[in-house]
Amino acid sequence: MAQLDLEWLLVFDEVYKTANVSSAAERLGLSQSAASTALARLRTHFGDKLFVRTSRGMEPTPYARQIQPLVLDILDRLNRAKGGRASFEPASAARSFRICMTDISEVVLLPGLLDHLRRTAPGVRIETEIISTESGRRLEDGAVDLAVGFMPQLDAGFYQQTLFMQNFVCLAARNHPRIGERLTRKRFETEAHAVVASSGTGHAIVDKTIARLGLRRNVVASLSSFLSVARIVAHTELIVIVPGILGKVLATQEPVKLLEPPFELPAYAVKQHWHERFHADAGNAWLRRTLAELFGGGG
């Protein structure tokens, strides 16, 4: 072990988290060849392949899973021995962050974040993926740095911070023949609806409220994402319930109007989530502060 290079352990940790040698190299500021060389030396040192290429990326071998907690402990002890973790300087940093978010956040939050980074952290890259049932595990593994949305399923082992509260609005075509500036409960039950079942958006709140109130909803279109919903509503007589922050953006893009729902729908908190393993990581902490400053309170 005396011959084991610290950089090799850092490469092991990043490949374990990202399942990708190129991503590991980029996060460490190394060339891909340097990361590959470090991985080859690790394999020789331990006498094990450590990571095997699969359809899901570089999957750890049983032996790699066995030693991973030890590697993390060594890196943590070394960080504490030198008086704390390295700082993160956004103006000069060259690092990629992966954020798990909803398609709504990609439309309404991501442009503001990217514009801010262009001016303050030009070397920082953002990758996104849609929230799914695997998001918690990917946060824990380090494959994802942050998750932004409505994710009440994340509890033990995760930190969370509320960015803003979100409400719901109804969306209808601006020239809808039967709906004016007010939507009644009777009209809500009579008209045909589109629904969007997208993870991390609080849609379950709508379903539960409608069921609790005993309301009828004539659903004729079930959509997997919000990206097409404004155009569908604008060119049909369908109505749909969407988060208010998205509704305001969509009303600037298509001839649709926003209406108050004819019954009370609870507001919900849009939060950012991260795993406790990366709570003290300087880059992760900087990204969290940036999102809170940009969007905290709805800004």
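Scroll up a little and you will see the structure.
Presented here is an overview of the structure given in this document. Being a predicted model, the structure only gives us computed values, none of them experimental.

Right, let's get into unusual backbone geometry. Positive phi, normally seen in glycine, also occurs at A19, with a value near 60°. Positionally, A19 belongs in the loop between α1 (6–18) and α2 (21–28). Non-glycine residue L50 carries a positive phi angle of around 65°. Within the secondary structure, L50 is located in the loop between α3 (32–46) and β1 (51–54). The exposure class of L50 is buried, given its relative accessible area of 0%.

Right, let's get into empty space enclosed by the protein. All told, the structure shown has two cavities of 30 Å³ or more when counted by the stated rule. What the largest cavity holds in volume is close to 110 Å³. As for the largest cavity, its lining consists of 16 residues, and the residues nearest its centre are T102, I104, S105, Y268 and V270. Of all elements in the fold, only α5 (103–108), β5 (146–149), β6 (158–166) and β12 (268–275) reach the threshold of two or more residues within the lining of the largest cavity.

Reading across from one edge, β10-β7-β11 is the order of the three strands in this open sheet, with antiparallel pairing throughout. Across the chains shown, the open sheet's two edge strands, defined by having one partner strand only, are β10 (240–243) and β11 (256–259). On average, each strand axis in the sheet is tilted by 40° relative to the strand beside it, whichever way the strands run. As paired elements, strand β7 (residues 168–173) and β10 share four bridges and run antiparallel to each other. Paired with F168 across the strands is P243, a residue of β10.

A few words now on the pattern of salt bridges. A full pass over the atoms with the stated rule returns 22 salt bridges. Between R65 and E59 there is a salt bridge, with its nearest N and O atoms 3.7 Å apart. For E237, the salt bridge is made with R178, and the minimal N-O distance between the two is 2.6 Å. You can see E237 sitting in the loop between α10 (229–234) and β10 and its partner R178 sitting in the loop between β7 and α8 (185–190), a full 59 residues away along the chain. Residue R178 is classed as partly exposed on the basis of its relative accessible area, which comes to 39%.

Thresholds, definitions, all that
Residues numbered from 1 in each chain as written. Predicted model: local features only at pLDDT ≥ 70, side-chain atom pairs only at ≥ 80, totals over all residues. Heavy atoms only, no water. Helix = DSSP H or I, 4+ residues; strand = E, 2+ residues; numbered from the N terminus. Buried < 20%, exposed > 50% of the residue type's maximum accessible area, 1.4 Å probe, protein only. 1 Å grid on protein atoms, 1.4 Å probe; cavity = no way out; pocket = protein on both sides within 12 Å on 5 of 7 lines; lining within 4 Å. Points joined across faces, edges and corners; volume = space filled by probe spheres on them. Pairing = 2+ DSSP bridges. Axes fitted to C-alpha atoms, helices over the stretch in contact; angles between N-to-C directions. Salt bridge = Lys/Arg side-chain N within 4 Å of Asp/Glu carboxyl O.

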